[in-house]
Amino acid sequence: MRGLRRVALQLGVRIHENTAMTGLEEGKPVGIQTPNGTVRADRVVLAMNAWMARAFPQFERSVAIISSDMLITEPRPDLLNEIGLTSGVSVLDSRIFVHYYHNTPDGRIMLGKGGNTFAYGGRMLPVFDQPSPYAGLLQNSLADFFPAFADVKVEATWNGPSDRSVTGLPFFGQMSASGNVFYGFGYSGSGVGPCHMGGQILASMVQGLDNPWTRSPLINGPLGFFPPEPIRYLGSLMVRNAIRRKERAEDHGRRPRHLDVRLAKFAAAAGKADKG
Ligand SMILES: Cc1cc2nc3c(=O)[nH]c(=O)nc-3n(C[C@H](O)[C@H](O)[C@H](O)COP(=O)(O)OP(=O)(O)OC[C@H]3O[C@@H](n4cnc5c(N)ncnc54)[C@H](O)[C@@H]3O)c2cc1C
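Residues numbered from 1 in each chain as written. Predicted model: local features only at pLDDT ≥ 70, side-chain atom pairs only at ≥ 80, totals over all residues. Heavy atoms only, no water.

Quick look at helix H6 (residues 231–251)
Rule in force here: The numbering of helices and of strands both runs from the N terminus, where a helix is a DSSP run of H or I of at least 4 residues and a strand a run of E of at least 2. Between the first and last residue of a helix there are one fewer steps than residues, each counted as 1.5 Å, and that sum is the expected span. Only protein chains enter the calculation, and the probe is 1.4 Å; a residue is then buried if its accessible area is under 20% of its type maximum, exposed if over 50%, and partly exposed in between.
Compared with an ideal rise of 1.5 Å per residue, which puts 21 residues at 30 Å, H6 spans 30 Å between its outermost C-alpha atoms and is within 8% of the ideal. Every buried residue belonging to H6 is among Arg-232, Ser-236, Val-239, Arg-240, Ala-242, Ile-243, Arg-244, Lys-246, Glu-247 and Ala-249, and all of these are buried. Gly-253 sits one or two positions beyond H6 and adopts a positive phi of about 70 degrees.

Right, here's the structure in full:
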């Protein structure tokens, strides 16, 4: 983030932090309303992640808003040395709701897990700006992965909203009658790497280029829609709990229940069914 900011400023980009878009007037130019004035622009790129779903009702069912939750331990470089976790490499597992972790230069472990709080109707819940309500679950994962850290103090936990798309893939498109408002989101909580690809796609789209980025199958808008509420919310919780039971069984060398395996498949299969 800081590197991108530095390069953008060198290129003459003006950055206005803490300036929320409160409305968008379509047209040529587009008007971006903010609390203190309106910015006019020939072309606009919206890269608002989970916040897209509430701001623009046409996207409400294209993503489910699901938290990713994290903890960070106190510094224990001695223990990291002991277990050989010193490279700073980021690791994630292959679960539907991933675990991820890495060690920091000052000797801490940061560990997180996706797929915890689900927001009814895509609402931005106050909890997304608070410590994680899943601290206990994170601490259990920390102790399972790194028994040496089982009793190490956790200094902070936090969480935030992710934009889980039906397919788990991001999607891009153009959304105004004037052809000048572009968007990209749906990174499904794994966007740090893929949003570089998203940047290439959006930069190419906004310049009207015909290139491999603009010929990507990801540029035709949402690749599927979730069912309306309350089905999305209740269904998501049912599937999440089944995934948790299945993974817990697998973690302990037990055979998961058949019903849980079938329910877990919904998380991956919903998109294909929706697209027919
Ligand atoms: C706790 C947590 C841990 C995560 N860990 C990982 C990880 O380890 N690996 C990984 O790949 N991904 C991870 N993710 C997901 C990753 O952060 C996102 O996929 C990625 O940041 C998406 O990039 P983006 O540019 O689309 O959105 P963001 O980086 O979220 O940027 C969107 C921006 O839009 C702004 N915005 C929204 N609405 C408005 C408005 N009305 N006006 C003005 N600005 C607005 C927001 O404030 C935000 O700054 C994690 C997410 C969370 C919450």
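Considerations on the nonpolar core
One recurring pattern in soluble globular proteins: nonpolar side chains tend to sit buried together. Short version of the rule: Buried residues of nine kinds, namely Ala, Val, Leu, Ile, Met, Phe, Trp, Tyr and Cys, make up a nonpolar core once their side-chain atoms join them within 4.5 Å. Throughout, the edges of the domains are those of an automatic or database domain assignment. Two residues qualify as a contact provided that any one of their heavy atoms is within 4.5 Å of a heavy atom in the partner residue.
Counting residues in each nonpolar core, the largest one holds 19 residues, and the members touching the most others are Leu-46, Met-52, Phe-59, Ile-65, Met-175, Tyr-183 and Phe-185. Where this core is concerned, the elements lending two or more residues are strand S2 (30–34), strand S4 (44–46), helix H2 (52–55), strand S5 (63–73) and strand S11 (181–185). At three residues, S11 tops the list of elements feeding residues into this core. When residues of this core are assigned to domains, at least three map to each of domain 1 (2–62 + 166–219) and domain 2 (65–163). In this structure, Leu-46 is in contact with Met-21, Leu-24, Met-52, Phe-56, Met-175, Val-181, Phe-182, Tyr-183 and Gly-184, ignoring residues within four places of it in sequence. By size, the runner-up hydrophobic cluster in this structure holds twelve residues, among which are Ile-109, Leu-138, Leu-142 and Phe-146.

What to know about the side chain of Arg-95
Counted only if it meets this: In the analysis that follows, any N or O atom pair within 3.5 Å is treated as a polar contact, provided that within protein one partner can donate a hydrogen and the other can accept it, and provided that, for residues neighboring in sequence, both atoms belong to side chains.
The topology assignment puts Arg-95 in the loop between strand S6 (91–92) and strand S7 (99–103). Reaching out from Arg-95, the side chain makes a polar contact with the side chain of His-99 at a distance of 3.5 Å. Among the polar contacts made by the side chain of Arg-95, one reaches the side chain of Glu-247 at a distance of 3.3 Å.

A look at the site of the ligand
We count it as follows: If even one non-hydrogen atom of a residue comes within 4 Å of a molecule or strand, that residue is called near it. What sets the accessible areas is the Shrake-Rupley method with a 1.4 Å probe; for residues, cover comes only from the shown protein chains. Just so you know the grouping, Ala, Val, Leu, Ile, Met, Phe, Trp, Tyr, Cys and Pro go in nonpolar, Asp, Glu, Lys and Arg go in charged, and all remaining residues, Gly too, go in polar.
Near the ligand, the surroundings consist of 16 residues, among which Met-21, Asn-49, Tyr-100, Gly-191 and Val-192 are the closest. A distance of 2.8 Å separates an oxygen atom of the ligand from a polar side-chain atom of Asn-49. In this structure, a nitrogen atom belonging to the ligand sits 3.3 Å away from a main-chain N or O atom of Gly-189. For the ligand, the accessible surface in isolation is 1000 Å², of which the surrounding protein chains cover 64%. Residues belonging to the shell around the ligand are distributed by class as follows: nine nonpolar, seven polar and no charged. There are two domains that each give the shell around the ligand at least three residues, and those are domain 1 (2–62 + 166–219) and domain 2 (65–163).

A look at the packing of aromatic side chains
Our working rule: Ring pairs are drawn from Phe, Tyr and Trp, using the six-membered ring of Trp, whenever the two centres fall within 6.5 Å, and their geometry is named by plane angle: stacked under 30 degrees, edge-to-face over 60, tilted for the rest.
What the rule picks out here adds up to eleven aromatic pairs. The interplanar angle of 75 degrees and the centroid separation of 6.3 Å between the aromatic rings of Phe-172 and Tyr-187 together place this pair among those described as edge-to-face. With a gap of 15 residues between them, Phe-172 in strand S10 (residues 171–174) and Tyr-187 in the loop between S11 and helix H5 (194–206) connect regions that are remote in the sequence. Here Phe-172 falls in the buried class, since its relative accessible area comes to 0%. Owing to a relative accessible area of 14%, Tyr-187 belongs among the buried residues under this scheme. Ring pairing ties together the aromatic residues Phe-59, Phe-171, Tyr-183 and Phe-185, which thus form one cluster.

A closer look at the domain arrangement of the chain
Quoted interface sizes are often the accessible area lost when the parts come together. What counts, and what does not: A quick way to say it: buried area is the sum, across both parts, of accessible area lost when two parts are put together, with a 1.4 Å probe.
With domains assigned, the chain is organised as domain 1 (2–62 + 166–219), domain 2 (65–163) and domain 3 (231–275). The C-alpha-based centres of domain 1 and domain 2 are spaced at 28 Å. Summed over both sides, the interface of domain 1 with domain 2 buries roughly 840 Å², with 54% coming from carbon and sulfur. A per-residue breakdown of the area domain 1 buries against domain 2 is headed by Ala-50, Trp-51 and Arg-54, which together make up 52% of the total. Between domain 1 and domain 2 we count four residue pairs in polar contact (both at pLDDT 80 or more) in total. Residue composition of the side of domain 1 that touches domain 2, grouped by class: five nonpolar, four polar and two charged.

So, empty space enclosed by the protein
The gaps of empty space that remain are located by a probe, the size of a water molecule, rolled over the atoms. Short version of the rule: Two kinds of site are reported from a 1 Å grid over the protein atoms alone, namely cavities, where a 1.4 Å probe fits but cannot get out, and pockets, open sets with protein on both sides within 12 Å along at least five of seven lines, and residues are called lining when an atom falls within 4 Å of a point. Grid points are joined across faces, edges and corners, and a volume is the space filled by probe spheres set on the points.
On inspection of all chains with the given rule, the structure shows one cavity of 30 Å³ or more. A volume near 40 Å³ is recorded for the largest cavity. Elements with a minimum of two residues in the lining of the largest cavity: S5 and H6. For the lining of the largest cavity, the leading source of residues is H6, giving three residues. Looking at which domains feed residues into the lining of the largest cavity, each of domain 2 (65–163) and domain 3 (231–275) supplies at least three.

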